[in-house]
Amino acid sequence: MITEFSVAFLTEAERHAAWGAAQLEVLTGFLPEGPWSADLAACAYRQGELDLRVAVLGTYDMAERTWMWGWANPGLGGTEVAAAGVAVERYGQGHGIAELTAGTLDLSGFADPRRAAEMLAFTGMGITGAPGYIGVPAGGGTQVYFLPDDAQVPRAAPDPVTLPRILLTGAGLIGFSARHVVGGYFDHHGLPQRAEPGRITADLPGGSAAEAHFDALGRLAKVEVTALP
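Treat the numbers as computed from the prediction; the structure is a model and nothing was measured.

Novice: Residues and numbers for empty space enclosed by the protein, please.
Specialist: One pass over the structure, following the stated rule, counts one cavity of 30 Å³ or more. By volume, the largest cavity is sized at about 30 Å³. Listed by contribution, the elements that provide at least two residues to the lining of the largest cavity are α2 (17–30) and α6 (163–174). Here the lining of the largest cavity gets four residues from one element, more than from any other, and that element is α2. The residue inventory of the lining of the largest cavity, partitioned by class, reads four nonpolar, one polar and two charged.

Structural data, given as structure tokens:
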């Protein structure tokens, strides 16, 4: 049983916080309402009238309060639908992140185990670059988390108007390292950035620049977007 995430995991999770929150908004608006079904052998997911190609990232057992990565599931190991999870495991091995390499995690020591499971799904989504994750009840007290692997899903683009809100919201999700939130967001979008003491500056598409300012405690204090000359 673990009672908190490691520094290595939290640092990684923060890199995806702002980008991931924005992308999940886009995915939520894209998915139609309606019942869901899945054909795991075909990597197929259907919700309402929408068909998507997906991977299984992991599952959360609500009674046991445990998370199992898709690659560690005895029924899925070695199958195509679990390939995204294997990529997460390899990333964890390469970066020394224990939470990504343990097949099953006992989350019962967390004050909110369900939120801990969502953080695992969120981080897996970020590592793979998937355009969101879909968490749905699968019966028997299990929540299954799918990663869309389909070009139909729109992707959030950096927008100078909404950028301050996105970065400030992302910095408040985990609250571990605001600099990693900001730097990770710009990395996800491939935007050139310059890190200095107290701020990170990035060039945005369309000829504007964003400046994220941090206070003495490393918290994100403000975000300014200005037009470049």
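Novice: Break down the packing of aromatic side chains for me, citing the residues and quoting the values.
Specialist: Within the structure shown, the criterion is met by nine aromatic pairs. Ring geometry for Trp 36 against Tyr 45: centres 5.8 Å apart, planes inclined by 15 degrees, an arrangement best described as stacked. We classify Tyr 45 as buried; its relative accessible area is 2%. Both rings, one in Tyr 185 and one in Phe 186, keep their centres 5.9 Å apart while their planes meet at 75 degrees; by these two values the pair is edge-to-face.

Novice: How would you summarise the environment of Arg 219 if you had to cite specific residues and measurements?
Specialist: With respect to the helices, strands and loops of the structure, Arg 219 is situated in the loop between β10 (208–214) and β11 (220–227). In this structure the C-alpha to C-alpha distance between Arg 219 and Phe 176, which are 43 residues apart in sequence, comes to 9.1 Å. The contact partners of Arg 219, leaving out residues within four places of it in the chain, are Ala 178, His 213 and Phe 214. A distance of 2.7 Å separates polar atoms of two side chains, one belonging to Arg 219 and the other to Asp 215.

Novice: Explain the pairing of strand β1 (residues 36–39) to me, and be specific about the residues and the numbers.
Specialist: Of the pairings in the sheet, the one linking β1 to strand β2 (residues 44–47) comprises four bridges and is antiparallel in character. In the sheet register, Asp 39 faces β2, and the bridge partner there is Ala 44. Hairpin connection from β1 to β2: four residues lie between these consecutive antiparallel strands, with Cys 43 at a positive phi of about 55 degrees.

Novice: Quick rundown of the pairing of strand β8 (residues 193–196)? Include the residues and the values.
Specialist: Bridge analysis of β8 against strand β9 (residues 199–204) gives four bridges, and the strand direction is antiparallel. By the bridge assignment, Ala 195 is partnered in β9 with Ile 200. With antiparallel pairing between neighbouring strands as the criterion, β8 and β9 make up a hairpin whose turn holds two residues, including Gly 198 at a positive phi of roughly 90 degrees.

Novice: With reference to specific residues and values, describe the nonpolar core.
Specialist: In terms of nonpolar packing, the biggest core is built from 53 residues, with Phe 9, Trp 67, Trp 69, Leu 107, Leu 167, Phe 186 and Leu 220 touching the most fellow members. The element that contributes the greatest number of residues to this core is helix α5 (residues 113–128), accounting for eight residues. If we ignore the near neighbours within four places in the chain, the residues touching Trp 67 are Leu 57, Gly 58, Thr 59, Tyr 60, Gly 103, Thr 104, Leu 105, Leu 107, Ala 117, Leu 120, Ala 121 and Tyr 145. Among the nonpolar cores identified, the runner-up in size contains 16 residues, and Leu 31, Leu 76, Ala 82 and Phe 146 belong to it.

Novice: Which residues make up the layout of surface pockets, and what values go with them?
Specialist: It is a probe the size of a water molecule, rolled over the atoms, that shows where empty space is left. In this structure, the largest pocket encloses a volume near 170 Å³. Along its surface, the largest pocket is lined by Ala 21, Leu 24, Arg 115, Glu 118, Met 119, Phe 122, Tyr 133, Leu 173 and Ile 174. Put simply, the parts of the chain that give the lining of the largest pocket at least two residues each are α2, α5 and α6. Of the residues forming the lining of the largest pocket, the biggest block, four residues, is contributed by α5.

Novice: I'd like to hear about helix α7 (residues 178–188), residue by residue, with values.
Specialist: Residues of α7 that are buried include every one of Ala 178, Val 181, Val 182, Gly 183, Gly 184, Tyr 185 and Phe 186, and no others. A positive backbone phi angle near 65 degrees is found at Gly 190, which sits one or two residues after α7.

Novice: Summarise the environment of Leu 52; cite the residues concerned and give the values.
Specialist: Considering the arrangement of structural elements, one finds Leu 52 in strand β3 (residues 50–61). With a relative accessible area of 4%, Leu 52 lands in the buried category. Along the chain, Leu 52 and Ala 42 lie ten residues apart, while their C-alpha atoms are 11 Å from each other. Residues contacting Leu 52, with those up to four places away along its chain left out, are Phe 30, Leu 31, Cys 43, Ala 44, Tyr 45, Ile 134, Asp 150, Gln 152 and Val 153.

Novice: Help me get a handle on α2, residues and values and all.
Specialist: With 14 residues, α2 ought to run about 20 Å at 1.5 Å a step, and its terminal C-alpha atoms sit 20 Å apart, in line with that. Within the sequence span of α2, burial applies to Ala 17, Ala 18, Trp 19, Gly 20, Ala 21, Ala 22, Gln 23, Leu 24 and Leu 27. Looking at the buried residues of α2, the elements they touch are α1 (7–15), α5, β6 (134–139), β7 (142–148), α6 and α7.

Calculation notes
Residues numbered from 1 in each chain as written. Predicted model: local features only at pLDDT ≥ 70, side-chain atom pairs only at ≥ 80, totals over all residues. Heavy atoms only, no water. 1 Å grid on protein atoms, 1.4 Å probe; cavity = no way out; pocket = protein on both sides within 12 Å on 5 of 7 lines; lining within 4 Å. Points joined across faces, edges and corners; volume = space filled by probe spheres on them. Helix = DSSP H or I, 4+ residues; strand = E, 2+ residues; numbered from the N terminus. Nonpolar A, V, L, I, M, F, W, Y, C, P; charged D, E, K, R; others polar. Phe/Tyr/Trp six-rings, centres within 6.5 Å; stacked < 30°, edge-to-face > 60°. Buried < 20%, exposed > 50% of the residue type's maximum accessible area, 1.4 Å probe, protein only. Contact = heavy atoms within 4.5 Å. Polar contact = N/O pair within 3.5 Å; in protein donor to acceptor, adjacent residues only side chain to side chain. Pairing = 2+ DSSP bridges. Core = buried A, V, L, I, M, F, W, Y, C linked by side-chain atoms within 4.5 Å. Expected span 1.5 Å × (residues − 1).

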